[in-house]
Amino acid sequence: MLVIGERINGMFKDVGKAIADKERGVIQKLAKDQVAQGAGMLDVNVGPAAADAVEAMKWLVEVIQEVTDTPLALDSTKPEVIEAGLKLVKKKALINSTTAKKEKLDSLLPMAKQYKAGLIGLTMGESGIPRDRHQRSEFAARIVSACMEAQVPLEDLYLDPIILPVNVAQAQAQEVLESIREFKLLSDPSPKTVVGLSNISQGTKSRSLINRTFLVMAAVCGLDAAIADPLDKELMDGLITAELILNKHIYCASFLDARRKK
Ligand code: THG
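Residues numbered from 1 in each chain as written. Predicted model: local features only at pLDDT ≥ 70, side-chain atom pairs only at ≥ 80, totals over all residues. Heavy atoms only, no water.

Caption draft 1: Representation of the overall build of the protein chain in the model. Across its full length, the protein chain carries 10 helices and eight strands. For 262 residues, the compact-globule formula gives about 18 Å, and the C-alpha radius of gyration of the protein chain, at 18 Å, lands near that figure. For the C-alpha atoms alone, the extent of the protein chain along its principal axes is close to 45 × 40 × 35 Å. Within the protein chain, the proportion of its 262 residues that are buried is 52%. The long-range share in the protein chain, meaning contacts at least 24 apart out of those at least 6 apart in sequence, stands at 67%. Accessible surface, the protein chain: about 12,300 Å² in total, of which carbon and sulfur atoms supply 54%. (Helix = DSSP H or I, 4+ residues; strand = E, 2+ residues; numbered from the N terminus. Rg over C-alpha atoms; globule rule 2.2 N^0.38 Å. Buried < 20%, exposed > 50% of the residue type's maximum accessible area, 1.4 Å probe, protein only. Contact = heavy atoms within 4.5 Å. Areas by Shrake-Rupley, 256 points an atom, 1.4 Å probe, with all protein chains shown as cover.)

In structure tokens, the structure reads:
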């Protein structure tokens, strides 16, 4: 499974402050540490407070790329912020994200094509957050057909069923797991699937335990990628162990040491 490091997000106090005060070292350490602990991609989100989001995205992308060439997921609700990042990336990037709304698809699909970027499709539309697996599939199908029309390769599409916090929307977690299975049936080649893992535990105690348990369950359903915290060692060990049991790698007595990043 691809782990997309979630920590470079202005939603976190340390990162919000680093963006405001231009503290390169704070961002560069988070970039290096996440990669060292197993992130195959880094999410980059300037957060809600950034005074000039376009400038903040440019600064983050440049500062991160000075210390790693790990690909970046450009995370913003504003297409102009995403495009500012796309202009600077050295590796194939992931646009995070479009929704099934027409105006979002109309601006982000041509961007994915022009910059040869991957694309996350959040399965929500005009009516907002999906109610159940059926609405998720409906939005997913709209995103898949829009990609086909715009000639964005389906191999580049990651569908996101949208995880909600288990303390306020308990029944949704199972809907998300079913959606991960169902999205695979929408097209050939299948779209990939991704979740923003830490959403599930927002506002709860035992965050790490809830995140780790859900990630293992989602792995069984065939989840391809998770925006998650690779600095959570127990999360990463849980994932390695789930993938062992799913026969993704060969057992040996030291399977954890063998798969852990040094
Ligand atoms: N799907 C996609 N992209 C996403 C999400 C998603 N990007 C953002 C988010 N969801 C995934 N990333 C995070 C990052 C942080 C947290 C949750 C998800 C988080 N932050 C602490 C909180 O809110 O309690 C911040 C507290 C602190 O300062 O320490 O939980 O679903 N495509």
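Caption draft 2: The site of the ligand, seen in detail. Around the ligand, the surrounding shell holds 15 residues, and the nearest of these are Asp-75, Asn-96, Asp-160, Asn-199 and Arg-207. In this structure, an oxygen atom belonging to the ligand sits 3.4 Å away from a main-chain N or O atom of Lys-13. Side-chain polar atom of Asp-75 to a nitrogen atom of the ligand: 2.8 Å apart, as the coordinates give it. Coverage of the ligand by the protein amounts to 76% of the 680 Å² it exposes when considered alone. Its residues assigned to classes, the shell around the ligand comprises five nonpolar, five polar and five charged. (Near = heavy atom within 4 Å. Polar contact = N/O pair within 3.5 Å; in protein donor to acceptor, adjacent residues only side chain to side chain. Nonpolar A, V, L, I, M, F, W, Y, C, P; charged D, E, K, R; others polar.)

Caption draft 3: Main features of the side chain of Thr-99. Topologically, Thr-99 is positioned in the loop between strand E4 (94–98) and helix H5 (102–114). Side-chain polar atoms of Thr-99 contact the backbone nitrogen of Lys-101, separated by 3.0 Å. Once residues lying within four places of it in the same chain are set aside, the contact partners of Thr-99 are Lys-104, Leu-105, Leu-122, Met-124 and Ile-143.

Caption draft 4: The arrangement of H5 in detail. For H5, spanning 13 residues, the distance from its first C-alpha to its last is 18 Å, which sits close to the expected 18 Å at 1.5 Å a residue. All of the buried residues in H5 are Lys-104, Leu-105, Leu-108, Leu-109, Met-111 and Ala-112. The elements touched by buried residues of H5 are helix H4 (79–86), E4, strand E5 (118–122) and helix H6 (133–150). Residue Lys-116 follows H5 closely and has a positive phi angle near 50°. (Expected span 1.5 Å × (residues − 1).)

Caption draft 5: Quick look at the pattern of salt bridges. Summed over all chains, the structure comprises 15 salt bridges. For the salt bridge of Glu-126 with Arg-142, the shortest nitrogen-to-oxygen distance reads 3.0 Å. Placement of the pair is Glu-126 in the loop between E5 and H6 and Arg-142 in helix H6, with a sequence separation of 16 residues. The class of Arg-142 is partly exposed, set by a relative accessible area of 33%. (Salt bridge = Lys/Arg side-chain N within 4 Å of Asp/Glu carboxyl O.)

Caption draft 6: Just the sheet that holds E4, in detail. Strand order in the closed barrel formed by eight strands is E1-E2-E3-E4-E5-E6-E7-E8, and the pairing between neighbours is parallel. Within this sheet the neighbouring strands show an average axis-to-axis angle of 25°, counted without direction. Pairing analysis gives four bridges linking E4 to E5, with the strands arranged parallel. When the bridges of E5 are listed, Asn-96 appears paired with Ile-120. (Pairing = 2+ DSSP bridges. Axes fitted to C-alpha atoms, helices over the stretch in contact; angles between N-to-C directions.)

Caption draft 7: Region of the structure containing the nonpolar core. The biggest cluster of nonpolar side chains holds 46 residues, and the ones touching the most others in it are Ile-27, Leu-60, Ile-64, Leu-74 and Ile-95. Looking at this core element by element, the count peaks at eight residues for helix H3 (residues 53–65). Not counting the four nearest positions on each side in its chain, Ile-64 is found in contact with Ile-8, Ile-27, Ala-31, Leu-42, Val-44 and Leu-72. If you look at the next biggest cluster of nonpolar residues, it comprises 19 residues, including Val-3, Ala-173, Phe-214 and Ala-226. (Core = buried A, V, L, I, M, F, W, Y, C linked by side-chain atoms within 4.5 Å.)

Caption draft 8: Region of the structure containing the packing of H4 against H5. At a closest axis distance of 11 Å, the pairing of H4 and H5 adopts a crossing angle of 5°. In terms of orientation, H4 and H5 fall into the roughly parallel class. Only Lys-104, Ser-107, Leu-108, Met-111 and Gln-114 of H5 make contact with H4, whose side of the interface consists of Pro-79, Ile-82, Glu-83 and Leu-86. Split by residue class, the contact of H4 with H5 holds five nonpolar, two polar and two charged. (Parallel < 35°, antiparallel > 145°, perpendicular 65-115°, else oblique.)

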